[in-house]
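Results of the structural survey
Letter by letter, the chains look like this.
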Amino acid sequence: PASSSLYGSRFLTGGLGGSITHQCFYSPTPANKYERKYWCKMAASGVCYTIVSSSSYTSSEYQGRVALGDAPQNGTFTVTMTGLRSGDAGTYRCGIGSTNEGLYVSLNLTVLADATVSRPTQLIRGELHGSVTVLCPSGDTQGDKKRFWCKVGRSSCALIASSHGYVGRRYQGRIFITPQESSGAFKVLINDLKEEDSGLYLCGTQGLRGQDSAQEVVLQVATASALPRRPKFLSGVVGGSLSFQCHHDPRGTYEKKYLCRWKGGSCPVLLDDEGFVLESYKGRIQMSSSDPERGTYTVVLRQLREEDAGWYWCGARSGHMELTASLKLLIHKEICSSRDPGTTTPVRPTPASPAGPSTPRHRSIADVVGTVPKGTTMGTVPKGTMMGTVTQGTSMGTVTQGSSTLLSTATLGTSATSPGETFQESSSGGSRLLPVLLPALLLLICIIITVLTLAKIKLQKKPGEAGSTTGSLEPALARAGLSPGREERMEENPSPGEVQEFRTGSGKCRWVFAGAG
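In short, a report on the structure. (Residues numbered from 1 in each chain as written. Predicted model: local features only at pLDDT ≥ 70, side-chain atom pairs only at ≥ 80, totals over all residues. Heavy atoms only, no water.)

This part takes up the sheet that holds strand E10 (residues 103–112). An order of E2-E10-E9-E4-E5-E6 is seen for the six strands of this open sheet, with the pairing classed as mixed. In this open sheet, the two strands that pair with only one neighbour each are strand E2 (11–15) and strand E6 (57–58). Direction of pairing for E2 relative to E10: parallel, over a ladder of five bridges. Considered in E10, the bridge of Gly-15 is made with Leu-112. (Pairing = 2+ DSSP bridges. Helix = DSSP H or I, 4+ residues; strand = E, 2+ residues; numbered from the N terminus.)

What follows deals with the pattern of salt bridges. Tallying each qualifying case throughout the model produces 14 salt bridges. Arg-284 is the partner of Asp-308 in a salt bridge, and the nearest nitrogen-oxygen pair spans 2.9 Å. Taken as a pair, Asp-308 in the loop between strand E25 (296–301) and strand E26 (310–318) and Arg-284 in the loop between strand E23 (269–272) and strand E24 (285–291) lie far apart in primary sequence, 24 residues in all. Exposure class is identical for Asp-308 and Arg-284. Each is buried. The network of salt bridges with shared partners includes Lys-187, Arg-317 and Glu-322. (Salt bridge = Lys/Arg side-chain N within 4 Å of Asp/Glu carboxyl O. Buried < 20%, exposed > 50% of the residue type's maximum accessible area, 1.4 Å probe, protein only.)

Right, let's get into a nonpolar patch on the surface. On the surface, a nonpolar cluster with roughly 780 Å² of combined accessible area is contributed by Leu-438, Leu-441, Leu-442, Leu-444, Ile-445, Ile-448, Ile-449 and Leu-452. The residue Leu-438 is located in helix H2 (residues 434–460) in this model. (Patch = residues over 30% accessible without salt bridge, like charges linked within 9 Å, V, L, I, M, F, W, Y side chains within 5 Å. Areas by Shrake-Rupley, 256 points an atom, 1.4 Å probe, with all protein chains shown as cover.)

Moving on, we come to the nonpolar core. Grouped together as the largest cluster of nonpolar side chains are 29 residues, with contacts concentrated most on Trp-149, Ile-175 and Val-188. Counting only elements with at least two residues in this core, the list comes to strand E12 (132–136), strand E14 (157–162), strand E15 (175–177), strand E16 (186–190), strand E17 (199–207), strand E19 (215–222), strand E22 (256–262) and E26. Per element, the largest residue contribution to this core is four residues, and it comes from E16. Residue assignment places this core across two domains, with domain 2 (122–222) and domain 3 (232–332) each supplying three or more. The next biggest cluster of nonpolar side chains, apart from the first, holds 21 residues, and it includes Val-52, Val-79, Leu-84 and Leu-109. (Core = buried A, V, L, I, M, F, W, Y, C linked by side-chain atoms within 4.5 Å. Domains from an automatic or database assignment.)

Next up on the list: the side chain of Lys-187. By the secondary structure assignment, Lys-187 is in strand E16. In this structure Lys-187 comes out as buried when scored by relative accessible area, which is 7%. At 3.4 Å, the side chain of Lys-187 forms a polar contact with the backbone oxygen of His-320. Within the structure, Lys-187 has its side chain in polar contact with the side chain of Glu-322 (distance 2.9 Å). (Polar contact = N/O pair within 3.5 Å; in protein donor to acceptor, adjacent residues only side chain to side chain.)

Take the packing of aromatic side chains next. One pass over the full model with this rule turns up five aromatic pairs. Ring centres of Trp-39 and Tyr-92 lie 5.0 Å apart, and the angle between their planes is 20 degrees; on these two criteria the pair is classed as stacked. Of the two residues, Trp-39 is situated in strand E4 (residues 37–42) and Tyr-92 in strand E9 (residues 90–96); the sequence distance between them amounts to 53 residues. A relative accessible area of 0% means that Tyr-92 is categorised as buried. In this structure, Arg-93 packs its charged tip against the face of Tyr-104, placed 3.8 Å from the ring centre. Its end group placed over the ring of Phe-186, Arg-147 keeps NZ or CZ at 6.0 Å from the ring centre. (Phe/Tyr/Trp six-rings, centres within 6.5 Å; stacked < 30°, edge-to-face > 60°. Lys NZ or Arg CZ within 6 Å of the ring centre and 35° of its normal.)

Written out as structure tokens, the structure reads:
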């Protein structure tokens, strides 16, 4: 049976005596490729009478002025009608199936005396998790008009994004409408494609008097994609640094590779491979390396700030086409405070040196790994690391001091997660446990010696005098200068939301996420 979706224009306009050409787009599955294609007209009775089909049938009323051509390799079939008459106006279906009630798209044909020729529908194909570039031609060169991109439904076109800053919730961080070129044309860039993105769209401009002529676009997302699902979330610490890899097709030729900051539907370029760096990022960002054979380039961002949190786009431009990928950066800050609530000292973590652990400035847990999501197994964890909650079945690679990986790149002070996961770490050295462990170890040794001494004394006394040693443990401890009721405690108390506190004997530390929204 016919499967998946079928797309095509919902409205057609033709002139008397003229012609129209209508395209129907279908998923090129084996079932669809070899199934019957048809074009029928709805009657008042509700029956759709076949005008032409791929089974070599043509209605006698339309002989000589209608044709149907199928291109299975492209997933497209085209219907052409010539010599239009007033009676040709009405509702039609283009569809796939052995009957006219199968998979179809309805459209309305209007026949006018002086109709303008509409633009042909544009077909765009993309891969799951990949990106597409849609070129929207516009004859209007006035840049003050709103550019829009909407998805056609049964009775309306739902706005997805506009040049005035609106972006739908499901498209946050993954759609961008470019400024108009001198010709009036503009582009719509979409990445991280999903199966539900397939459909019929309109792009165009809209002024105060209403919508100008819009371009119809059919977007098909191939679900059987070979593109890998790459990590989409990064985590960094205020004052630290991170690096990540951007990917492109190694077989392509690109005039420019760049990184831009996505915010509110715009994406200003931060740096590119031609040496440009945005003034406010100079000294903090660089494109450190490029490997055209593998299709990657690496970006390093230093001296992280809270305001760096948000969406970023990797891009590679080739003519009018742009290959893009989005990632979101989460920034957290570590705050340490003494017992006195009135004194709080922010601490900027220093990336660990390869030669040895960093020098502690505060008593804190050496390394902390936050909650690890379900579905992971633990890899190698360095000495002195304290683990948070580990949910059954998760996979985590090798964790080193002050570093983790994004796309197989290990860099000081960086971390990476797959969508829906967040990985956290501290760049503190393993030596920070010594101030806590040493007193506890000495206390334990003293207690053992005292207990052994008391046991020896007890054995030397008569059985009747055995009870005289009862209660002698506390005086013995007191003589040794020890208090049995005092100990250094270190406990991990993650609070609700995105603030985690870690208490020590001298105070507490918190990790606070910035820009997690």
